[in-house]
Amino acid sequence: MGNEASYPAEICSHFDEDEIKRLGKRFKKLDLDSSGAVSVKEFTSMPELRENPLVQRVIDVFDTDGDGQVDFREFILGTSQFSVQGDEQQKLRFAFSIYDLDKDGYISNGELFQVLKMMVGDSLKDWQLQQLVDKTIILLDKDGDGRISFQEFSAVVRSLEVHKHLVTVV
């Protein structure tokens, strides 16, 4: 994992020294095999994450190097998005990235369907979910390109003030 104090200030800017130490302890508890990185299996060993249908998507967003695991640097960067000191734009970007599976800067009909399917499981039939997705795209897609841009997403989510609930106290 490395010495928490050795990380550059830009990745720790939302946390003070004590918070970084607490995050380091949490990370070590998650890192069951002491590999210096947390796998999906290790994340889902936490009861509060085990049943979360979006845990894989959160890990994918945190995992900036794409190796399938989250190292301490990625953990700090990822959790900083939920910091009380994290800004609205950062929280909105994170929420958007959960839906933007191919990271092209847009949420397509298919991406929205896939993420919502993760969330609802089998509680809706696919055709019902597709109707919901289609209606959502129609409502949010202000420029008529058939997909949701970050700006379109942000306008709606900002008005709902969802980003204010994306906060973790360390």
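Calculation rules
Residues numbered from 1 in each chain as written. Predicted model: local features only at pLDDT ≥ 70, side-chain atom pairs only at ≥ 80, totals over all residues. Heavy atoms only, no water. Buried < 20%, exposed > 50% of the residue type's maximum accessible area, 1.4 Å probe, protein only. Helix = DSSP H or I, 4+ residues; strand = E, 2+ residues; numbered from the N terminus. Contact = heavy atoms within 4.5 Å. Core = buried A, V, L, I, M, F, W, Y, C linked by side-chain atoms within 4.5 Å. Domains from an automatic or database assignment. Axes fitted to C-alpha atoms, helices over the stretch in contact; angles between N-to-C directions. Parallel < 35°, antiparallel > 145°, perpendicular 65-115°, else oblique. Left-handed = near helix turned anticlockwise from the far one by under 90°. Patch = residues over 30% accessible without salt bridge, like charges linked within 9 Å, V, L, I, M, F, W, Y side chains within 5 Å. Areas by Shrake-Rupley, 256 points an atom, 1.4 Å probe, with all protein chains shown as cover. Salt bridge = Lys/Arg side-chain N within 4 Å of Asp/Glu carboxyl O. Lys, Arg positive; Asp, Glu negative; His and termini not counted. Charge placed at Lys NZ, Arg CZ, Asp CG, Glu CD. pLDDT = per-residue confidence, 0-100.

Moving on, we come to helix α10 (residues 150–160). Residues of α10 that are buried: Phe 150, Glu 152, Phe 153, Ser 154 and Val 157. For α10, the secondary structure elements touched by its buried residues are α7 (88–99), β3 (106–107), α9 (126–140) and β4 (148–149).

Moving on to the nonpolar core. Among the nonpolar cores identified, the biggest contains 36 residues, and Phe 43, Phe 75, Tyr 99, Leu 112 and Phe 153 are the most heavily contacted of them. Breaking this core down by element, the ones donating at least two residues are α2 (17–30), α5 (55–62), α6 (72–80), α7, α8 (109–120), α9 and α10. It is α7 that contributes the most residues to this core, six residues altogether. For this core, the domains that each give at least three residues are domain 1 (13–81) and domain 2 (91–168).

Within α5, the full set of buried residues consists of Val 55, Arg 57, Ile 59, Val 61 and Phe 62. Here the buried face of α5 lies against α3 (40–43), α4 (47–50), β2 (70–71), α6, α7 and α8.

Packing of α2 against α6 brings their axes to within 11 Å, and their N-to-C directions diverge by 120°. With respect to α6, the axis of α2 lies oblique. Relative to α6, the crossing made by α2 is right-handed. Judged by residue contacts, Ile 20, Leu 23, Gly 24, Phe 27 and Leu 30 of α2 engage Phe 72, Phe 75, Ile 76 and Thr 79 from α6.

The subject of this paragraph is a positive patch on the surface. A surface patch of like charges, here positive, comprises Arg 22, Lys 25, Arg 26, Lys 28 and Lys 29. Mapping Arg 22 onto the fold places it in helix α2. Residue Arg 22 is classed as partly exposed on the basis of its relative accessible area of 39%.

Moving on, we come to the confidence of the model for the chain. Overall, the prediction assigns the chain a mean pLDDT of 84, with 85% of residues at 70 or greater. When pLDDT is averaged over each helix and strand of the chain, the minimum, 52, is found for helix α1 (residues 9–12) and the maximum, 98, for β3. Confidence drops under a pLDDT of 50 for residues 1–5, and excluding neighbours within four residues, the segment shows ten contacts in the predicted structure. A low-confidence stretch, residues 166–170 (pLDDT under 50), is modelled with 18 contacts involving residues beyond four sequence positions or located in other chains.

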